[in-house]
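# Breakdown of the fold
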Amino acid sequence: MIALRQTLLLTQWQFRRQAQALPLLVTVQIFMAIATVVGYGLLVGAPSPEVALYLATGAPTVTLITVGLVMTPQIVAQSKTEGSFDWMRTLPVPRTAFLFSDLLVWTLLALPGMVLGVIAGALRFDITLSPAPWIVAAVIVVSITAAAVGYAMATLLPPAVATLLTQMLIFIVMLFSPVSYPASRLPDWLATAHEFLPIEPMAQLIRAGLVQNEFTMPAHSIIVLGIWCAASILGAVAALRRQS
Amino acid sequence: MTISNTLSIAELTKRYRGRSGVQANDGITFNVSPGSVVGLLGHNGAGKTTLVNQIVGLVRPDAGSIHIDGIDAIAKPNLARQLVSIQAQANVPITGLTPRLAIELVARIRGISKPDARRRTQHLLDVLQLGEWADTPSQKVSGGIARLTSFAMTAVAPGRLVVLDEPTNDVDPVRRRLLWEQIRALADNGAALLLVTHNVREAERVVDHLVVLEQGKVIAAGTPASLTAHLHGALTFEVNVSPDTTIVWPATLERAPHPSGGLEQVRMTGTVRPAHAAEFVHWAQAQVDGGRIEHYALAPASLEDAYLQFVSKNTATATVRKEPTFTPALTKERA
């Protein structure tokens, strides 16, 4: 009970601290959604119905996981540099409470972009969604996993390295991952790599959740996603407990 | 280790790995008892922050022990943290929060009920005269107000041990006095206080006991009176010599003058016995009138002088003083 209360108080602390950057955060998410929907649309010209479905469902996935994989590590790296990370670790709070409060904040902050992406995609490509009843749960699972991977990256790596990695990840997620197009278009080696990375399963989960009439979620992807989520949480907790 | 001490540190040793391999702490031993304020003095890099980080379990010592209220802080850092509240050297960034909200939230995170947290926060805002800024977004408050907020966040639900790292930095003189009162009040309410500072002159009035660190070692420890005992009766002088001037010093100086400070003019310090003080002032005034020195000051030797002596003995750099910060008791400026 005490740990839960502390987690919620820490969430309040972190959310209020990030809330002032909320307008900026939402603006960035709007740009991401527009870039992936309108920008990709320009690249491919008049898309076939299947391509249109990929583009429309890829946009919310890209904005959703960019927050977790890119913004979360950047903010955590910044808090390490400015000293608030170490100060918070001096508080008599279980290390897991820090992690869960941060994951909760970042999961919530990623949602506006997700919704915007869905709206932008549906409007631009005039597609009909068939959302599954578990879409909300799927969004939360993807958001938590992305935030956990980002959090682990920022806590385990030196701030400068983590920040550099996030810059690379933007391009990997937007261009070199089977999010807005099918994996069959990738070179074999990259398609194989994505079978073990968390990005493709995230895209599959959102795609199947938004258009369940057309897509399904492979069991392999659920397992890969689960492993990444658990490993990232364990890695982040270990980093929070680490003593120098 | 005796249970009567809130903080017991014995033979604490920490060496950072890596190429430089800094020996940050080297066999440090001291105690802090409930209701007392212990000042931890030392240069930048003397090992103070490493020591503090070991107390709250952020850094793991190589050898030695830390006990807080009898609990082994190295083996059980989670338990130890419940007994310690700490004000870090750098201000905690609280952008997005107001001072009042930040103080209240920390109190509640530390287990204080909401109404109680609110009441305690209001009390601290009142006694530190922070009311004007209490509800201002923290990105708009000055460094001094941020520093005091950071102190209040530490004092609102104090642990059995309270660690304050340079609490008075950036704080204005009026609130500085209020802050020292609150620091003393924490100890009077039974907390053990470890005050990390290089502001020797101010700490002197508040601390019960001092520990001087240099290159990771305790080079002196004792009450302020015991540390200054050997200086009793001595006066410190400081003279700013005019550029390109040769000075003939009076023969009665106890400790020969040494240069310190910048290049524009040469600042010299040394000590003189009280019996020769009048003679010194007479001499110095004649030098001022003759344009050979620009400024002089004479003050009773203080804890700061003792501290500088300990440190300089240890580093064998004689009595060179880079930045004299004391307020002269007797000052005469050339018109």
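Numbering of residues begins from 1 in every chain and follows the order in which that chain's sequence is written. Both sets of labels track the order of writing: A upward for chains, 1 upward for ligands. Per-residue local features of the predicted model are confined to residues with pLDDT of at least 70, and side-chain atom pairs are confined, for both listing and counting, to 80 or more; whole-chain, interface and lining totals are unaffected and use all residues.

Going by the annotation in an unreviewed UniProt entry, the name recorded for chain B is ATP-binding cassette domain-containing protein, with Cryobacterium cheniae given as the source organism. UniProt positions are given in the numbering used here, feature names are shortened, and annotations may be inferred rather than shown by experiment. Database annotation for chain B, UniProt heading Subcellular location (unreviewed entry): "Cell membrane".

Chain A goes by ABC transporter permease in an unreviewed UniProt entry, where it is assigned to Cryobacterium cheniae. Reading the Subcellular location (unreviewed entry) entry of the UniProt record for chain A gives the comment "Membrane".

Our focus in this paragraph is the overall build of chain B. Each helix and strand counted, chain B has 10 helices and 15 strands in total. With C-beta atoms placed from the backbone, the exposure class of a residue follows from how many other C-beta atoms lie within 10 Å of its own: 20 or more, buried; 12 or fewer, exposed; in between, partly exposed. Burial statistics for chain B: of 335 residues in total, 42% are counted as buried. Relative to all contacts within chain B whose residues are 6 or more apart in sequence, the contacts with residues 24 or more apart total 70%. A run of H or I in DSSP counts as a helix once it spans at least four residues, and a run of E counts as a strand once it spans at least two, with each numbered from the N terminus. The contact criterion used here is simple: two residues whose C-beta atoms, placed from the backbone, lie within 7 Å are in contact.

Residue and element names in this part refer to chain A. According to UniProt, the "transmembrane region" (unreviewed entry) feature falls on residues 21–45, 51–76, 97–122, 134–154, 161–181 and 219–240. The span residues 51–76 is 100% helical and 0% strand by assignment, and the distance between its end C-alpha atoms comes to 36 Å. Strand forms 0% of residues 161–181 and helix 71%; the C-alpha atoms that close the span are 29 Å apart.

In this assembly, 22 residues from chain A lie in contact with 19 residues from chain B. Considering each element in turn, the side of chain A that touches chain B owes the most residues, 9 residues, to helix 1 (residues 2–19) of chain A. Residue polarity follows a fixed list, in which Ala, Val, Leu, Ile, Met, Phe, Trp, Tyr, Cys and Pro are nonpolar, Asp, Glu, Lys and Arg are charged, and the others, Gly among them, are polar. In the side of chain A that touches chain B, the residues fall into 8 nonpolar, 9 polar and 5 charged.

So, about the sheet that holds strand 4 (residues 63–68) of chain B. Pairing between the strands of a sheet comes from backbone hydrogen bonds, and it takes one of two forms, parallel or antiparallel. All names here are of chain B. Across the sheet, 4 strands lie side by side as 2-1-4-5; this open sheet has antiparallel pairing. Each edge of the sheet is formed by a strand with only one pairing partner; in this case those strands are strand 2 (23–32) and strand 5 (71–72). Strand direction decides the pairing type here: strand 4 and strand 5, joined by 2 bridges, are antiparallel. Directly across from isoleucine 68, in strand 5, lies its bridge partner isoleucine 71. Strands qualify as paired when DSSP identifies two bridges or more between them.

Moving on: the sheet that holds strand 6 (residues 84–87) of chain B. Residues and elements named next belong to chain B. What the 6 strands build is an open sheet, ordered 6-7-8-3-9-10; its pairing is mixed. With one partner strand each, in any of the chains shown, strand 6 and strand 10 (217–222) form the two edges of the open sheet. Pairs of neighbouring strands in the sheet enclose a mean axial angle of 15°, with direction left out of account. In terms of strand pairing, strand 9 (residues 209–214) meets strand 10 through 5 bridges, oriented antiparallel. Among the inter-strand pairings, valine 212 is bridged to a residue of strand 10, identified as alanine 220. Every axis corresponds to a line fitted to the C-alpha atoms, with the helix fit spanning only the stretch in contact, and the corresponding angles, defined between N-to-C directions, vary from 0 to 180 degrees. Sheet strands touched by helix 1 (residues 48–55): strand 3 (37–41), strand 6, strand 7 (161–165), strand 8 (192–197) and strand 9. Its angle to strand 7, the strand with the most contacts, is close to 150°.

What follows is about the confidence of the model for chain B. Residue and element names in this part refer to chain B. Scored from 0 to 100, pLDDT records how confident the predictor is in each individual residue. The predicted model of chain B has a mean per-residue pLDDT of 84, with 89% of residues at 70 or higher. Summarising per-element confidence for chain B, the mean pLDDT is lowest in strand 15 (residues 330–333) (36) and highest in helix 4 (residues 114–127) (96). Across residues 316–335, where pLDDT falls below 50, the model places 38 contacts with residues more than four positions away in sequence or in other chains. The ipTM, which scores confidence in the relative placement of chains, is 0.82 for this predicted complex, and the corresponding pTM is 0.81.

A word on the UniProt feature "domain: ABC-2 type transporter transmembrane" (unreviewed entry) in chain A. Using the residue numbers shown here, the UniProt feature "domain: ABC-2 type transporter transmembrane" (unreviewed entry) corresponds to residues 6–209 of chain A. Helix makes up 81% of residues 6–209 of chain A and strand 0%, with an end-to-end C-alpha separation of 33 Å.

Before going further, it helps to spend a moment on the nonpolar core. Definition of nonpolar core: a set of buried Ala, Val, Leu, Ile, Met, Phe, Trp, Tyr and Cys residues joined via C-beta atoms within 7 Å. With 144 residues, the main nonpolar core has Val142(A), Leu161(B), Leu193(B), Leu194(B) and Leu195(B) as its most contacted residues. Shared between two domains, this core holds at least three residues of each, these being domain 1 (7–222) and domain 2 (228–333) of chain B. When sequence neighbours within four positions are dropped, the list of residues in contact with Leu194(B) reads Leu7(B), Val32(B), Val38(B), Leu40(B), Leu161(B) and Val163(B). The domain boundaries here were taken from an automatic or database domain assignment.

The next subject is the domain arrangement of chain B. What the domain assignment reports for chain B is domain 1 (7–222) and domain 2 (228–333). Taken over C-alpha atoms, the centre of domain 1 of chain B sits 34 Å from the centre of domain 2 of chain B.

Attention now moves to helix 5 (residues 143–155) of chain B. Working note: α-helix, 3.6 residues per turn, so residues spaced by three or four point in the same direction. Residue and element names in this part refer to chain B. Taking 1.5 Å per residue as the helical rise, helix 5 with its 13 residues ought to reach 18 Å, and the 18 Å between its terminal C-alpha atoms agrees with that figure. For helix 5, the tally of buried residues reaches 11 of 13 residues, placing the bulk of the element in the interior. Of the positions making up helix 5, those classed as buried are Ile145, Ala146, Arg147, Leu148, Thr149, Ser150, Phe151, Ala152, Met153, Thr154 and Ala155. Each element contacted by the buried residues of helix 5 is listed here: strand 6, helix 3 (99–109), helix 4, strand 7 and helix 6 (173–188). Expected helix span is given by 1.5 Å per residue-to-residue step, counting one fewer step than there are residues.

What follows deals with the confidence of the model for chain A. Residues shown with low pLDDT carry predicted positions that ought not to be read at fine detail. Mean pLDDT over chain A stands at 88; residues scoring 70 or higher make up 100%. The lowest-confidence element of chain A is helix 2 (residues 22–44) of chain A, averaging 83 in pLDDT; the highest-confidence one is helix 8 (residues 188–194) of chain A, averaging 94.

This brings us to the environment of Gly113(A). All names here are of chain A. Topologically, glycine 113 is positioned in helix 5 (residues 95–125). Glycine 113 sits 49 residues away from leucine 64 along the chain, and the two C-alpha atoms are 6.3 Å apart. Ignoring any residue separated from it by four or fewer positions in sequence, one finds glycine 113 in contact with Gln29, Met32, Ala33, Thr63, Leu64 and Val67.

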